[in-house]
2 protein chains.
Amino acid sequence: MKTSEDLPLHQRLGAEFLRRIESGEWPEGKPVPSESQLCAEFGTSRGPVRQALAMLRSAGSLVGGRGKPPVARRTTPSQPFGTFLSFTQWARTIGREPGQSTVEVARRRASAETAVRLGLAEGEPVVELVRLRLLDGVPAMLERSTFVHEVGRILFDFDPDSGSVYQELLRREVDLHHARHTIDAVAAGPRDAELLRVAAGDPLLRVRRLTTSRQGVPLEDADDRYLPAMATFTIENTVEGRTVIGRYRTEED
Amino acid sequence: MKTSEDLPLHQRLGAEFLRRIESGEWPEGKPVPSESQLCAEFGTSRGPVRQALAMLRSAGSLVGGRGKPPVARRTTPSQPFGTFLSFTQWARTIGREPGQSTVEVARRRASAETAVRLGLAEGEPVVELVRLRLLDGVPAMLERSTFVHEVGRILFDFDPDSGSVYQELLRREVDLHHARHTIDAVAAGPRDAELLRVAAGDPLLRVRRLTTSRQGVPLEDADDRYLPAMATFTIENTVEGRTVIGRYRTEED
DNA sequence: AGTCAAGAGATGTATGTACAAGTTACCGGC
DNA sequence: GCCGGTAACTTGTACATACATCTCTTGACT
């Protein structure tokens, strides 16, 4: 075959099947064509067809089977890594204009806590970045980010008011690969309150983020404090173990 | 074969491989034996071995491949659905003793908001359950749960002080299949403050949960308010799109 | 008309074969 | 000694086949 693209057959089949589900060509809740029919239609053997179906199954777009043909199911897509990591990208996906005003960018020595989290010795140089993040010009989040020096020094060649640090780091081929977000709630401190323009003591949604490279080397330790009125996090999971995550603008439904 | 269990071959292989990774028998970061070696060891063909490896690969326990043998990688396991849904199960996994004192269980008419979320008409009967959840006897979370009547009526035959509502519902074959958790922060109201023994206005971590059946029919709408000192949520994600979630006891690291 | 069993058809599982494509190590030529 | 090509090995992809197991329908029997 190799008509359109040069991808392996089962990947092209998977993409085609997914297109049919999302376009409604294979209606949600109704059984999809049988494997033999698909084999006949694409002139292939059962193997690639089954690989493609397995892919969709693990993504949750197909359920059922065993005796009867599986049924299609449209699923809410998980937000991609970049969207979840970058405030700028996230803001755009929810149709808002991101903004930022840098409070501070400084090279200093790692505090005890930070050193532990970043796997450094206390006193090693790190780069701290504090920015107030805006949505459509309104304060939404206060970001305190600490980078290991090797990564952070890039920031001195970069104007953090001009856009996405995340994209700049990617462009410089920093291997941001894995992130762990820990979510809790804190009361706004005096500094938080002043910058976010709320009263001291008001509840904030805090996300501490540890970003690491592919090998697990810590690169960034961040403390983001959101106004609860501006953003929420969602987790969707099922008994089968599929999980999708998202960050959304807060709004009453 | 069928020596030990009656599971399909590739599932037994997958379980065995996973055991070897987690036990360190296949050290992290080092290549695992080649497919042919595994075939020889287990006296099977390449198919089941590859299925098992694919399973581990999609779970993130194996990386690499194509030409060189894949590399083992221990991953933090995602908490299973039940652990994430049930306070009782969760408490046990972190080595604490769960407890609860029921504040109220009542059959009443759905408010406008609740009706929307549960997909009911305003005024339809629902069952509301309010419980204070404890960890080792200390207040940790205030749970306000609203069930559709068909599910909630089960609760009248059940003592909610005696343990896990979730397990009871499963036992009665209620099809709890899918849950969406929305996380934000709120200030403790007077009632929250009194029950959780904090000051009014203190920050609480709020998780609103909509639990649905396999077909997507809403069954439960809940509002859980955690003391931030007692629990945090974590999200781990990678560029490849794998996501694992967890709820943990708060502790300084 | 109702019930149960057989059978057709579907997916799940497993084997064997073949070739393509990538990685590594070795070995000879310069 | 360095470089480059080749050979061996590994995984990725694809096909053909066979049988197990489950579902649903059909049809015969009661």
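The coordinates are above.
Here's what I pulled together on the structure shown here. (Residues numbered from 1 in each chain as written. Chains lettered and ligands numbered in written order. Predicted model: local features only at pLDDT ≥ 70, side-chain atom pairs only at ≥ 80, totals over all residues.)

Describing the overall build of chain A
Next, step 1: Helix and strand counts for chain A stand at nine helices and ten strands.
Next, step 2: Computed over C-alpha atoms, the radius of gyration of chain A comes to 23 Å, more than 25% over the 18 Å expected from 2.2 N^0.38 for 253 residues, which places it beyond the range of a compact globule.
Next, step 3: C-alpha atoms of chain A, sized along the principal axes, occupy 65 × 40 × 30 Å.
Next, step 4: Counting only residues that meet the buried cut, chain A has 34% of its 253 residues in that class. (Helix = DSSP H or I, 4+ residues; strand = E, 2+ residues; numbered from the N terminus. Rg over C-alpha atoms; globule rule 2.2 N^0.38 Å. Buried ≥ 20, exposed ≤ 12 C-beta atoms within 10 Å, placed from the backbone.)

A short note on the interface of chain B and chain A
Next, step 1: Listed per partner, the contact involves 37 residues of chain B and 36 residues of chain A.
Next, step 2: At the level of elements, α4 (81-85), β6 (178-187), β7 (203-212), β9 (232-238) and β10 (243-248) of chain B are the ones that each hand at least two residues to the side of chain B that touches chain A.
Next, step 3: Among the elements that line the side of chain B that touches chain A, the one with the most residues is β6 of chain B, at ten residues.
Next, step 4: Looking at side-chain class alone, the side of chain B that touches chain A contains 18 nonpolar, 14 polar and five charged residues.
Next, step 5: Alignment of strand β9 (residues 232-238) of chain A against β6 of chain B, held across six bridges, turns out to be antiparallel. Paired with Ile235 of chain A across the bridge in β6 of chain B is His181 of chain B. (Contact = placed C-beta atoms within 7 Å. Nonpolar A, V, L, I, M, F, W, Y, C, P; charged D, E, K, R; others polar. Pairing = 2+ DSSP bridges.)

Regarding the protein's contact with DNA strand C
Next, step 1: Taken together, 18 residues are adjacent to DNA strand C, and Glu35 and Gly65 of chain A together with Leu9, Gly47 and Gly67 of chain B come closest.
Next, step 2: At the level of elements, α2 (35-42) of chain A together with α1 (9-23) and α3 (46-59) of chain B are the ones that each hand at least two residues to the surface near DNA strand C.
Next, step 3: The leading source of residues in the surface near DNA strand C is α3 of chain B, at three residues.
Next, step 4: When grouped by side-chain class, the residues that make up the surface near DNA strand C number four nonpolar, nine polar and five charged. (Near = placed C-beta within 6 Å.)

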